[in-house]
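Chain residues, written in single-letter form:
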Amino acid sequence: MSSRVKRKPRIAVFKFASCDGCQLSLLDAEDELLAVAGAFDIAYFPEASSTMLRGPYEIGLVEGSITTYHDAQRIQEIRHQCKSLITIGACATAGGIQALRNWKDVDEFIRVVYATPRYIETLKLSTPIAEHVPVNFELRGCPINKHQLIELITATLAGRKPNLPTYSVCIECKRKSNVCIAVAQGVPCLGPVTQAGCGALCPSFNRGCYGCYGPMESPNTESLSSQFRILDQSNADITRAFRGFNAWAWQFRKASEESERA
Amino acid sequence: MDGASVAERSLLTLQQLEHLILVLHRRGYEVIGPLVRDGAIVYDVVDRLSDLPAGWTDEQEAGRYRLQRRNDGALFGYVVGPQSWKKYLHPGEVRLLAAERHGQTLRILNNETTPPRRAFLGVRACELAAIAVQDRVLLGDRYRDSVYASRREGIFIVAVNCTQAAPTCFCTSMGTGPRVRSGYDLALTELVGPDKHEFVVEAGSEAGAEVSRELARATAAEDVCQQADAAVERAASQIKRRMDTTNIRELLYSNFDHPRWDNVAQRCLTCANCTMVCPTCFCTTVEDVSDITGTHAQRWRKWDSCFTQNFSYIHGGSVRSSGKSRYRQWMTHKLASWIDQFGSSGCVGCGRCISWCPVGIDITEEVRAIRESTTSSKESGHGNS
Ligand code: SF4
Ligand code: SF4
């Protein structure tokens, strides 16, 4: 038997173009935070602590999308440092709300918004992490669900498969005995094409699903778009519905572009 | 009329019906019944008759449900809503087990608390048929489902004969309604008019007869019984939706490659709503969760659906990866292989999957499309699609 004390696995949290909401979900997991701190060395988490230990890290959580040359370089280094690289949230997984610029002229934005445009160096597109480096797991949501995050970390630590479904939000609604607002009230709801994970939050409060968790495993966006038309939604409405936090996820992108062309 | 001889029937006034809930409470039942919530008639705990949806009805068509006001005070003047009694007998989520680790020992914690003894108020004929189907599936074999068994045992059922039908109903095609036939303790038929509001009640069990004796003093006169029967007949004649079930097993088994499956797959969202609302769909998945310290674990059982990819996941991938194969699996199981497996159809004709499909896919229409094209190709001298 080795007398060496077993080192606790190191976890690191990195930020790219994002609002910090997903990282905050980790801090918000009050009940589990101490357990996380007990199980891991929180080696790098600038949002929470000034301690910054060098890698390699067992788990790297990456928030945010790639929007600058510098970040495109940085994610390569981070990938080398992390055994398991997990993206958290819609920005890291699909490019985020800032991916709306992908349909616009970024140079024009820079000219209009900034007093000294030449100081601004940015990429034309906001892209997900997986477009730049291989990713071990993508955790969906805008923001992510803290219970899902803890489940993912726990499963990674235990070496088991995480319980993170890829089916529709509808299944969560029905298990909760929610009345379907699309059918009973004619509310346009993205639930049928959106991945579960939020616990059907918006439909539980009488709002249509906004698609925060991105496309579900087999999203039929064309059929849902036709149904939205029956519910009196214009093509512009449909384009807008799919251009949310996961606008750049390819299935939603395709749906919004189709309704834009229609 | 079927089964119910006039002599067994008694008459209840609205006030006497109020006592039904009291009597059931006194006998130790938690009463579950219909009430208006979130724009629909759902099933939940009811404490008094005024909790019931007096004067409300539901308007249904494929992919659409709306609550509407009636011009009378009928308590059971709606049809079937988004939920079924499966909510209580075969719940959407149930914890099967919890465990704690202390050092090297594992302790299995005492699991489920015993569910309350329940009385269901307002069970429709198609719903009774659905309960019978689930009884067969979950209790009728060597492997009894203990979660279902503990909830099902000792349920007191107050059924209601339908006196109106929705355009989505097709119980007459499936031979399940609108009149209740068996499997109830009490059955009510509501008679409501400008100057009367009463209920013809018949007992279907000894327990039902006891409760009925506590409530009713008067036997229902023959003309009242006739009115009640006529009201149920009226509901039957309102039903326009049909499913032709002649040789349906052979029809579907010989049409696995029918182009209609591609057609429906274009519309189907694979969202699984149809399976969640279906009162006979019973599939579940089991999820184990552990906490980060590795000292606590729980095992949950949750409703699952043949519309998910994980459902048919075996080593290497999902067997039914396309929406087409998933819709075909669901419908073929429900209407055909169910017969081989359990000796009856898996569909009771309640129409929930039609109303609550977000894109209004209609199982009766899908059967018709396959049948019609198959017949015409047979006529042109060629059998299989
Ligand atoms: S398949 Fe549809 S109509 Fe038949 S029992 Fe299920 S929900 Fe009702
Ligand atoms: S038939 Fe309708 S409810 Fe069922 S999975 Fe397809 S779209 Fe969803």
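Residues numbered from 1 in each chain as written. Chains lettered and ligands numbered in written order. Predicted model: local features only at pLDDT ≥ 70, side-chain atom pairs only at ≥ 80, totals over all residues. Heavy atoms only, no water.

Colleague: Is there a simple way to think about the site of ligand 2 in this case?
Modeller: Residue and element names in this part refer to chain B. Every one of the 13 residues lining ligand 2 counts as a neighbour, but C268, L269, C271, C274 and C357 are closest to it. With respect to the detected pockets, ligand 2 is housed in the largest cavity. Class assignment for the residues of the shell around ligand 2 results in 11 nonpolar, 2 polar and no charged. (Near = heavy atom within 4 Å. 1 Å grid on protein atoms, 1.4 Å probe; cavity = no way out; pocket = protein on both sides within 12 Å on 5 of 7 lines; lining within 4 Å. Sits in = over half its atoms within 2 Å of the grid points. Nonpolar A, V, L, I, M, F, W, Y, C, P; charged D, E, K, R; others polar.)

Colleague: Just checking my understanding: could you explain empty space enclosed by the protein for this structure?
Modeller: It is the rolling of a water-molecule-sized probe over the atoms that shows where space remains empty. All names here are of chain B. For the structure on display, the rule yields 7 cavities of 30 Å³ or more. Estimated volume of the largest cavity: approximately 120 Å³. C268, C274, Y327, C357 and I361 are the residues nearest the centre of the largest cavity, which is lined by 16 residues in total. Of all the elements in the fold, those that place two or more residues in the lining of the largest cavity are helix 10 (273–277) and helix 11 (323–342). Per-class residue counts for the lining of the largest cavity are 13 nonpolar, 2 polar and 1 charged. (Points joined across faces, edges and corners; volume = space filled by probe spheres on them. Helix = DSSP H or I, 4+ residues; strand = E, 2+ residues; numbered from the N terminus.)

Colleague: I would appreciate a short explanation of the interface of chain A and chain B in the present structure.
Modeller: One widely used convention gives an interface's size as the accessible area the parts lose upon coming together. Across the contact, 31 residues belong to chain A and 46 residues belong to chain B. Among the residues chain A hides against chain B, the three largest losses belong to K174, R175 and V183 of chain A. Together they make up 24% of the total. There are 0 salt bridges connecting chain A and chain B. Elements with a contribution of two residues or more to the side of chain A that touches chain B: helix 2 (30–39), helix 6 (146–158), helix 7 (169–175), helix 8 (181–185) and helix 10 (221–230) of chain A. For the side of chain A that touches chain B, a count of residues per class yields 16 nonpolar, 10 polar and 5 charged. (Contact = heavy atoms within 4.5 Å. Buried area = accessible area lost by both parts, 1.4 Å probe. Salt bridge = Lys/Arg side-chain N within 4 Å of Asp/Glu carboxyl O.)

Colleague: Looking at this structure, how should I read the sheet that holds strand 7 (residues 105–109) of chain B?
Modeller: Picture the strands of a sheet paired through backbone hydrogen bonds; they go either parallel or antiparallel. All names here are of chain B. What the 4 strands build is an open sheet, ordered 7-6-14-13; its pairing is antiparallel. Across the chains shown, the open sheet's two edge strands, defined by having one partner strand only, are strand 7 and strand 13 (284–290). Averaged over all pairs of adjacent strands, the angle between their axes in this sheet comes to 20°, without regard to strand direction. As paired strands, strand 6 (residues 93–102) and strand 7 are joined by 5 bridges and run antiparallel to one another. Residue pairing for strand 7: R101 is matched across the bridge by L106. (Pairing = 2+ DSSP bridges. Axes fitted to C-alpha atoms, helices over the stretch in contact; angles between N-to-C directions.)

Interpretation in functional terms is not warranted from these geometric data alone.
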